[in-house]
Amino acid sequence: MGSELQKVDIFQAIADPTRREVIRLLSVKNQSIAELSSHFEVSRNAVVKHLNVLTEAGLVRGEKSGREKIYQLQPEPLKELQEWLSYYEKFWYNKLTKLKYVVENDTLNK
């Protein structure tokens, strides 16, 4: 992580499904608050609160463009998440491999 301290942990930031959707939307293109708000059935103020959490976690950045603020994804902090999850992939892979073995052998025995 960078030298600046983050106020919100990345795991806290992505815990909310609305914030995960904001991240997905910003991965496609930079958007204003109005554009982002149009994708949700919550108030514009609620979207702003979600953007503030994502900003504090370092996942998005807003820049003034005229009268609007345009938000863009800052994907670097997601690397921490990816590294954490990759450790656990081996457990998922082992379980799936065992399940496949059981299913295939059960099918052969019938």
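What you see is a predicted model; the values in this text were computed from it and never measured.

### What about the side chain of Arg19?
Next, step 1: Residue placement: Arg19 occurs in helix H2 (residues 17–28).
Next, step 2: Among buried Asp, Glu, Lys and Arg side chains, Arg19 stands out as unpaired, with Asp16 the closest opposite charge at 4.5 Å.
Next, step 3: One polar contact links the side chain of Arg19 to the main-chain carbonyl oxygen of Ala13, over a distance of 2.7 Å.
Next, step 4: A polar contact of 3.2 Å, which involves the side chain of Arg19, links it to the side chain of His50.

### So, the sheet that holds strand E3 (residues 68–73)
Next, step 1: One open sheet accounts for three strands, arranged E1-E3-E2; its pairing is antiparallel. The open sheet is flanked by strand E1 (31–32) and strand E2 (60–65), the only strands paired with a single partner.
Next, step 2: Bridge analysis of E2 against E3 gives six bridges, and the strand direction is antiparallel. Bridge pairing links Val60 to Leu73 in E3.
Next, step 3: Strand contacts of H2: E1, E2 and E3, with the helix running at about 95° to E3, the strand carrying the most contacts.

### Considering the confidence of the model for the chain
Next, step 1: When pLDDT is averaged along the chain, the result is 88; 91% of the residues meet or exceed 70.
Next, step 2: Across the chain, element-level confidence peaks in H2 with a mean pLDDT of 97 and bottoms out in helix H5 (residues 78–108) with 80.

### What about helix H4 (residues 44–56)?
Next, step 1: Helix length check: H4, at 13 residues, gives a terminal C-alpha distance of 18 Å against a target of 18 Å (1.5 Å per residue), a fit within 8%.
Next, step 2: All of the buried residues along H4 are Val47, His50, Leu51 and Leu54. Considered in projection along H4, the buried side chains sweep an arc of 100° and stay on one side of the axis.
Next, step 3: Where the residues of H4 are buried, they touch helix H1 (10–14), H2, helix H3 (33–37), E2 and E3.

Calculation notes
Residues numbered from 1 in each chain as written. Predicted model: local features only at pLDDT ≥ 70, side-chain atom pairs only at ≥ 80, totals over all residues. Heavy atoms only, no water. Helix = DSSP H or I, 4+ residues; strand = E, 2+ residues; numbered from the N terminus. Buried < 20%, exposed > 50% of the residue type's maximum accessible area, 1.4 Å probe, protein only. Lys, Arg positive; Asp, Glu negative; His and termini not counted. Salt bridge = Lys/Arg side-chain N within 4 Å of Asp/Glu carboxyl O. Polar contact = N/O pair within 3.5 Å; in protein donor to acceptor, adjacent residues only side chain to side chain. Pairing = 2+ DSSP bridges. Contact = heavy atoms within 4.5 Å. Axes fitted to C-alpha atoms, helices over the stretch in contact; angles between N-to-C directions. pLDDT = per-residue confidence, 0-100. Expected span 1.5 Å × (residues − 1). Arc of directions from axis to C-beta.

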